[in-house]
Amino acid sequence: MTQATIRPRPMPQVRPIGYDDLGEAFRAGVSDFRRAPRFGLFFGGVYFVGGWIMWLLLSWAQAPWLMLPLALAFPLMGPFVAVGLYDVSRRLAAGQRLDWASVLGVVFEQRKRELGWMAFVTLFICFVWFYQIRTIMVLTMQNMSFSDFGAFLELVFTTTEGLTFLAVGTLVGGFLAIVLFSVTVVAIPLLLERDRDFITAIITSVKAVSTSPAPMIGWGLTVTALMMVSILAGFLGLLVTLPVLGHATWHLYKRAVAPEE
């Protein structure tokens, strides 16, 4: 009598991608937005409202120094808002019917799955980023005071201490941004599509970035640049930018990770 051997599930297979894949993914994202604009505008609107709430809360709390790091971190939180957009793209590709109950049901269902742990990982990295910025500001700007965001920007760009803070903060923030991007860019759509644990999703995401570092980092920079321009336009550009990039990220994931056998 032999006992059956339990074999672990194989890791998702990562495929190399090139710059042509980025272009194809972006075009597919634009196509999905045009095919289902009401869903794109809805999820873009959620991000738009969230941006203004964040800005108003920081103004009310009189913490202008947090506005700059939050503005830099804000685009990297987009993948969580884009979960609904991933599902829309998935349904469009499969020829399934689109309706609000189904799409929103999938979004709310994620709270019971591994995506909640990914949210914890993301918030932890952002917390480290904010703590580091506070520490760097104290070390470089010391007792320099400012009353509002305008005064803060003036100190940052017109004083030696402020420029030092900006340089060091940018290096630290850039490193943490790469870490956050690497662990989420593939992980979140993978967790939506497949019943896998978040550790497997993170490893797959990091492997996808390390397999094609230049195109993937280029995609991250493109996303950040477009989102920052949208934010500078009073968050209004997010109504279009977020859904297009969300749909495009789904298609990039499908190119970077092979289907399950």
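Throughout what follows, the structure given in this document is the object of discussion. (Residues numbered from 1 in each chain as written. Predicted model: local features only at pLDDT ≥ 70, side-chain atom pairs only at ≥ 80, totals over all residues. Heavy atoms only, no water.)

1. Details of the overall build of the protein chain
- When its secondary structure is counted, the protein chain shows 13 helices and 0 strands.
- Reading the helices (α) and strands (β) of the protein chain from amino to carboxyl end gives α-α-α-α-α-α-α-α-α-α-α-α-α.
- Out of the 261 residues belonging to the protein chain, those deemed buried represent 46%.
- Contacts in the protein chain between residues at least 24 apart in sequence constitute 78% of all its contacts with a sequence separation of at least 6. (Helix = DSSP H or I, 4+ residues; strand = E, 2+ residues; numbered from the N terminus. Buried < 20%, exposed > 50% of the residue type's maximum accessible area, 1.4 Å probe, protein only. Contact = heavy atoms within 4.5 Å.)

2. Considering helix α11 (residues 198-211)
- The terminal C-alpha atoms of α11, which comprises 14 residues, lie 20 Å apart, in line with the 20 Å expected from a rise of 1.5 Å per residue.
- Residues Phe198, Thr200, Ala201, Ile202, Thr204, Ser205, Ala208 and Val209 constitute the buried set of α11.
- Close packing links the buried residues of α11 with α7 (115-141), α9 (160-184), α10 (187-193) and α12 (213-232).
- Capping the start of α11, Asp197 holds a side-chain oxygen 3.1 Å from the backbone nitrogen of Ile199, two or three residues further along. (Expected span 1.5 Å × (residues − 1). Polar contact = N/O pair within 3.5 Å; in protein donor to acceptor, adjacent residues only side chain to side chain.)

3. Comments concerning the packing of helix α5 (residues 83-94) against helix α13 (residues 238-256)
- The interhelical angle for the contact between α5 and α13, taken along N-to-C directions, is 60°, at an axis separation of 8 Å. The pairing of α5 with α13 is recorded here as oblique in orientation. With respect to the hand of their crossing, α5 and α13 are arranged in right-handed fashion. Within the contact between the two elements, α5 uses Leu85, Tyr86, Val88, Ser89 and Arg90 and α13 uses Leu242, Pro243, Gly246, His247, Thr249, Trp250 and His251.
- Across the contact of α5 with α13, the residue classes tally to 6 nonpolar, 5 polar and 1 charged. (Axes fitted to C-alpha atoms, helices over the stretch in contact; angles between N-to-C directions. Parallel < 35°, antiparallel > 145°, perpendicular 65-115°, else oblique. Left-handed = near helix turned anticlockwise from the far one by under 90°. Nonpolar A, V, L, I, M, F, W, Y, C, P; charged D, E, K, R; others polar.)

4. Concerning the side chain of Arg91
- Along the chain, the position of Arg91 falls in helix α5.
- A relative accessible area of 11% means that Arg91 is categorised as buried.

5. Observations concerning α9
- If you check α9, its first and last C-alpha atoms are 36 Å apart, about what 25 residues at 1.5 Å a residue would give, namely 36 Å.
- Taken as a whole, α9 has its buried residues at Gly162, Phe165, Gly169, Gly173, Leu176, Leu180, Phe181, Ser182, Val183 and Thr184.

6. Description of a nonpolar patch on the surface
- On the surface, Val49, Ile53, Leu57 and Trp60 cluster together into a nonpolar patch covering about 470 Å² of accessible area.
- Structurally, the position occupied by Leu57 is in helix α2 (residues 37-60).
- Accessibility expressed as a relative area gives 51% for Leu57, which makes it exposed. (Patch = residues over 30% accessible without salt bridge, like charges linked within 9 Å, V, L, I, M, F, W, Y side chains within 5 Å. Areas by Shrake-Rupley, 256 points an atom, 1.4 Å probe, with all protein chains shown as cover. Salt bridge = Lys/Arg side-chain N within 4 Å of Asp/Glu carboxyl O.)

7. Section: the side chain of Ser205
- The topology assignment puts Ser205 in helix α11.
- A distance of 3.4 Å separates a polar side-chain atom of Ser205 from the backbone nitrogen of Val185.
- Apart from residues no more than four positions distant in its own chain, Ser205 is found in contact with Phe181, Ser182, Val183, Thr184, Val185, Val186 and Ala187.

8. Section: the pattern of salt bridges
- Summed over all chains, the structure comprises 8 salt bridges.
- Residues Arg27 and Glu24 are paired through a salt bridge, measuring 2.9 Å at the closest nitrogen-oxygen approach. With Arg27 and Glu24 both in helix α1 (residues 19-35), this residue pair falls 3 residues apart, about one helical turn.
- Look at Glu24 and you get partly exposed, because its relative accessible area is 37%.

9. Quick word on the packing of aromatic side chains
- Scanning the model with the defined rule gives 7 aromatic pairs in all.
- When the ring of Trp250 is compared with that of Tyr253, the centres are 5.3 Å apart and the planes differ by 55°; the resulting orientation is tilted. In this pair, Trp250 and Tyr253 are both assigned in helix α13, 3 residues apart and thus about one turn of the helix distant. Tyr253 shares its class with Trp250; the two are buried.
- Every member of this aromatic cluster is reached through a ring pair, and the members are Phe39, Phe42, Phe43 and Trp100. (Phe/Tyr/Trp six-rings, centres within 6.5 Å; stacked < 30°, edge-to-face > 60°.)

10. A closer look at the nonpolar core
- Core analysis: the largest hydrophobic core is formed by 53 residues, its most contacted members being Val186, Met216 and Trp219.
- Among the elements that take part in this core, α13 stands out by supplying 8 residues, more than any other.
- Once residues within four sequence positions are removed from consideration, Met216 is found in contact with Ile17, Phe181, Val185, Val186, Ala208, Val209 and Leu252.
- Ile136, Phe152, Leu155 and Leu176 belong to the second largest nonpolar core, which has 10 residues in total. (Core = buried A, V, L, I, M, F, W, Y, C linked by side-chain atoms within 4.5 Å.)

Treat this as a map of the structure, not an account of what it does.
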